[in-house]
Amino acid sequence: MGIKIVKQQLLHLKVTPEEVLDFGCGAGVLIPTLQELFPKAKIIGIDKSKEMISVAKRKYKTVMFKEMDFLQYEGTPQLIVSFYSFQFLPIKEGVEKVKKLLPKGGVAVILSTQGSWFSVLHQKISKVWGNKFTLYKGKELAKMFGKGSKLQYINETEGSYLLTYIKP
Ligand SMILES: C[S@@+](CC[C@H](N)C(=O)[O-])C[C@H]1O[C@@H](n2cnc3c(N)ncnc32)[C@H](O)[C@@H]1O
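Residues numbered from 1 in each chain as written. Predicted model: local features only at pLDDT ≥ 70, side-chain atom pairs only at ≥ 80, totals over all residues.

(A) Seen up close, the overall build of the chain. Along its length, the chain carries six helices and seven strands. Put simply, the chain runs from its N terminus to its C terminus through helices and strands in the order α-β-α-β-α-β-β-α-β-α-α-β-β. The 168 residues of the chain split such that 33% are buried. The contacts of the chain with a sequence gap of at least 6 include a subset with a gap of at least 24, amounting to 60%. (Helix = DSSP H or I, 4+ residues; strand = E, 2+ residues; numbered from the N terminus. Buried ≥ 20, exposed ≤ 12 C-beta atoms within 10 Å, placed from the backbone. Contact = placed C-beta atoms within 7 Å.)

Dropping the structure here:
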């Protein structure tokens, strides 16, 4: 369901990026959608998990994948997508990084959750990494992004939301 929503939003925004960054790409669940929508774009998937990146590389041989932390990423994407990954970042640094990477008019489409169902998984992952992160509310994230951001709740009960940011 989440993939369909991201796809609809990308179609609605009518973006034509040359470079697309899928941050926290995992095993590449969003890649087929990105390839379908942006056949001419350079698609880059990054994830700080070595295992995830090696699975993604095996599945999508023509896509560039890098094992790295989003906060260290240097590139020139006009579109950044994040599918259930943004909540693993420290909010202030994550928002600043998105804003810094995007050019004026550049777009970020972030699907995330404030739901408690996710916090169990979130806590487990945070434990493995030795980091403590919190799930932020959609409203909190939208406020941090400020002008150019738009929040849509997808499923009130399970807490998923879509945050779209167009850099002013
Ligand atoms: C819940 S998974 C989602 C993966 C994928 N987008 C999906 O939906 O299948 C979150 C992913 O974010 C990655 N991640 C978390 N923090 C990251 C960071 N700072 N830089 C890059 N990747 C990160 C994790 O390694 C994990 O693969």
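Next comes the rest of the description.
(B) Expanded view of the site of the ligand. Around the ligand sit 17 residues, and of these Gly-24, Gly-26, Ser-49, Ser-85 and Phe-88 come closest. For the shell around the ligand, the residue count by class is 10 nonpolar, four polar and three charged. (Near = placed C-beta within 6 Å. Nonpolar A, V, L, I, M, F, W, Y, C, P; charged D, E, K, R; others polar.)

(C) Geometry of the nonpolar core. Core analysis: the biggest nonpolar cluster contains 36 residues, and Val-6, Leu-30, Ile-80, Val-81, Val-98, Ala-108 and Val-109 have the highest contact counts within it. For this core, the element with the highest residue contribution is strand 5 (residues 107-113), accounting for five residues. Residues contacting Val-98, with those up to four places away along its chain left out, are Ile-80, Ala-108 and Tyr-165. (Core = buried A, V, L, I, M, F, W, Y, C linked by C-beta atoms within 7 Å.)

(D) Fine view of the pairing of strand 2 (residues 42-47). For strand 1 (residues 19-23) and strand 2, the ladder comprises five bridges, and the chain directions are parallel. Residue pairing across strands places Asp-22 opposite Gly-45, the latter belonging to strand 2. Read from strand 1 through helix 2 (residues 31-37) to strand 2, the crossover connection turns out right-handed. Both strand 2 and strand 3 (residues 64-67) contribute to a ladder of four bridges, which runs parallel. In the strand pairing of strand 3, Ile-44 is matched with Met-64. (Pairing = 2+ DSSP bridges. Right-handed = clockwise from strand over helix to strand, strands pointing away.)

(E) Helix 4 (residues 91-101), seen in detail. Among all positions in helix 4, only Gly-94, Val-95, Val-98 and Leu-101 are buried. End-on view of helix 4: buried residues confined to an arc of 140 degrees, all on one side of the axis. The outward face of helix 4, more than 90 degrees from its buried face, is lined by the exposed residues Lys-92, Glu-93 and Lys-100. (Arc of directions from axis to C-beta.)

(F) Geometry of the sheet that holds strand 3. An order of 3-2-1-4-5-7-6 is seen for the seven strands of this open sheet, with the pairing classed as mixed. Lying at the two open borders of the sheet, with one neighbouring strand each, are strand 3 and strand 6 (149-155). Here the average twist between neighbouring strands, direction ignored, is 15 degrees. Across seven bridges, strand 5 lies against strand 7 (residues 160-166) in antiparallel orientation. Among the inter-strand pairings, Ala-108 is bridged to a residue of strand 7, identified as Tyr-165. (Axes fitted to C-alpha atoms, helices over the stretch in contact; angles between N-to-C directions.)

(G) Focus on the environment of Val-55. Tracing the sequence through the fold places Val-55 in helix 3 (residues 50-59). Overall, the presence of 16 C-beta atoms within 10 Å leaves Val-55 in the partly exposed class. For the pair Val-55 and Gly-26, spaced 29 residues apart in the sequence, the C-alpha separation amounts to 8.3 Å.

(H) Layout of unusual backbone geometry. Phi at Lys-14 is positive, roughly 55 degrees, even though this residue is not glycine. On the neighbour-count criterion, Lys-14 (6 C-beta atoms within 10 Å) is exposed. In this structure, Tyr-84 takes a positive phi of about 55 degrees despite not being glycine. Relative to the elements of secondary structure, Tyr-84 occurs in the loop between strand 4 (79-83) and helix 4. For Tyr-84, a count of 19 C-beta atoms within 10 Å gives the class partly exposed.

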